[in-house]
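Single-letter residue listing:
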Amino acid sequence: MRLSKYFIPTIKENPSEAHIISHTLMLRSGMIRQSSAGIYVWLPTGFLVMNKIADIVREEQNRAGAIEMLMPTIQPAELWQKSGRYEAYGKEMLRITDRSNREMLYGPTNEEMITDLFKNTVKSYKQLPLNLYHIQWKFRDEVRPRFGIMRGREFLMKDNYSFDLDFEGAKESYNKMYVAYLRTFARLGLTAIPVRADAGAIGGDLSHEFQILAETGESTLYYDKGIESFDLADLKGDIDDATVAKLRSYYAMEEEKHDADNCPVAPENLKSAKGIEVGHIFYFGKKYSESMGAKITGPDGNEVNVEMGSYGIGVSRLVGALIEANHDENGIVWPEEVAPYKVGIINLRFKDENCSAACDTLYRKLLDRGVEVLYDDRDAGAGTKFADMDLIGLPWQIIIGPKGLDRGAYELKNRRTGERTEHSEEEILEKLG
Ligand code: ATP
Ligand code: MG
């Protein structure tokens, strides 16, 4: 992409409305613009990053056997009246009336809709287990939308729903998602601690929130410091049962569920920290299948209510969470997996024919090799170009100016380490292509 023809409306000063670094950097680097409170326009680079995150989430869901589909954002109130949540959800639900005076709502989540779909389509245990998901916009009229897209009112979520004949099956579905989540966050380069979100009651330990440690997090967690011996950001390969069992044996609890007087961890081993909740997995048994009448025929011919669980990942929130974990004083430092582009080319002397020709050629060659490149071909000063490229945060920068070209040298900068090295064009292509 040529920057001169692209759309990245960067901002020089720190916007006064932003109180955390990810919000500041997303606004400054031209990833988002606020439309109204908690509702954002996703500008081109923001949209690219969000889609890359969604792709990783999707790959791991598919790998775990979940099946993608798409449910609508607008739902009939009727379904929620059946489950009893229409009143209970309160003001967080955006209620809409259509032209025929039918009560509708913008979905804050999809348990009701999917349970209704299941009820109307699946009749037998032979069609189970089933795990369906979608990646869809949600709306929650949050009391205090803040921190940019981290707590938005409109946000993108991956949510899936598992259906099983019995508790054993439901537990297996839950465990598959637990592993899929570990892998997903590891692939994003994040250390997300699975924190227990129930105190024990129904279903044992079958509710976990995945929390990224960050000063700016809105949740407080308590955990056994032994959990830090796990390199959670490295759990990308096959994760065996022993690893999962070990991880789950460590205490990690949400503040509301943490009971200081009865905590099994010795005070010197207990840590407390702020976290950003990026995912939540949850077994809820027959809660919706009973209220909404979703039944299947079991092997003995008798009808039973289906066992369910739901599993969410905050795809749009992850964009912010990733920036909280990957930035420096000059801007964003994208991990390669989710960077809007892998490489940026900085043309230091736009008016120099040789220099521009060399940049154009390298740009073409990289594109031909399928490399994602952002080419700063603007008629602007070197200072502006350096600052913008650092702010946008692509993993690699290739800096090309007349002086270096005299020696046949292209400068390669690693955004994360700041290391700069000189190479021939061929070496650059070898390294990045
Ligand atoms: P929170 O405690 O942050 O309000 P929640 O418990 O309401 O989250 P879930 O209903 O479990 O969230 O939704 C699944 C995921 O969706 C969360 O783990 C989070 O990553 C994301 N999410 C929830 N609310 C928002 C929001 N207002 N803005 C952005 N992402 C959100
Ligand atoms: Mg909430």
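If you're wondering where the values come from, they're calculated on a predicted model, not measured in any experiment. (Residues numbered from 1 in each chain as written. Chains lettered and ligands numbered in written order. Predicted model: local features only at pLDDT ≥ 70, side-chain atom pairs only at ≥ 80, totals over all residues. Heavy atoms only, no water.)

Now for the environment of L132. Note on placement: L132 falls in strand β7 (residues 130-139). The spacing of L132 and E68 is 64 residues in sequence and 6.0 Å in space, taken between C-alpha atoms. In this structure L132 touches I67, M69, I114, L117, D159, N160, Y161 and F163, once residues within four positions along its chain are discounted. (Helix = DSSP H or I, 4+ residues; strand = E, 2+ residues; numbered from the N terminus. Contact = heavy atoms within 4.5 Å.)

Residues in close proximity to ligand 1 total 14 residues, the closest being R140, E142, R151, G152 and E277. Within the backbone of G152, a nitrogen or oxygen atom sits 2.8 Å from a nitrogen atom of ligand 1. Contact between ligand 1 and R317: an oxygen atom at 3.1 Å from a side-chain N or O atom of the residue. In isolation ligand 1 exposes 580 Å². Once the protein is present, 81% of that is buried. The pocket occupied by ligand 1, as judged from atoms lying within 2 Å of grid points, is the largest pocket. Listing elements by their share of the shell around ligand 1, those giving two or more residues are β8 (154-164) and β13 (270-285). Here the element with the most residues in the shell around ligand 1 is β13; it accounts for four residues. A breakdown of the residues in the shell around ligand 1 according to their chemical character gives five nonpolar, four polar and five charged. (Near = heavy atom within 4 Å. Polar contact = N/O pair within 3.5 Å; in protein donor to acceptor, adjacent residues only side chain to side chain. Areas by Shrake-Rupley, 256 points an atom, 1.4 Å probe, with all protein chains shown as cover. 1 Å grid on protein atoms, 1.4 Å probe; cavity = no way out; pocket = protein on both sides within 12 Å on 5 of 7 lines; lining within 4 Å. Sits in = over half its atoms within 2 Å of the grid points. Nonpolar A, V, L, I, M, F, W, Y, C, P; charged D, E, K, R; others polar.)

A word on the pairing of strand β10 (residues 207-213). Counting buried positions along β10 gives six out of seven residues, so the element sits mostly inside the fold. One ladder, built from seven bridges, connects β10 with β13; its direction is antiparallel. Opposite H208, over in β13, you have I281 as the bridge partner. (Buried < 20%, exposed > 50% of the residue type's maximum accessible area, 1.4 Å probe, protein only. Pairing = 2+ DSSP bridges.)

For the rest of this paragraph, the subject is the nonpolar core. Ranked by size, the top nonpolar core spans 67 residues in total, and within it I53, F185, L188, F210, V278, V319 and W334 carry the most contacts. With eight residues, helix α6 (residues 167-187) is the single largest residue contributor to this core. Counting residues in each nonpolar core, the second largest holds 24 residues, with M71, M113, I114 and I296 among its members. (Core = buried A, V, L, I, M, F, W, Y, C linked by side-chain atoms within 4.5 Å.)

Before going further, it helps to examine helix α9 (residues 315-325). Burial analysis of α9 places ten of its eleven residues in the buried class, the great majority of the element. Every buried residue belonging to α9 is among V315, S316, R317, L318, V319, G320, A321, L322, I323 and E324, and all of these are buried.

The next subject is the sheet that holds strand β5 (residues 94-97). The sheet built from three strands is open, its strands ordered β4-β6-β5 with antiparallel pairing. Of all the strands in the sheet, the pair left with one neighbour each is β4 (74-76) and β5. Neighbour to neighbour, the strand axes of the sheet diverge by 35° on average, direction disregarded. Across three bridges, the pairing between β4 and strand β6 (residues 103-106) is antiparallel. Bridge pairing in β6 places I74 opposite Y106. (Axes fitted to C-alpha atoms, helices over the stretch in contact; angles between N-to-C directions.)

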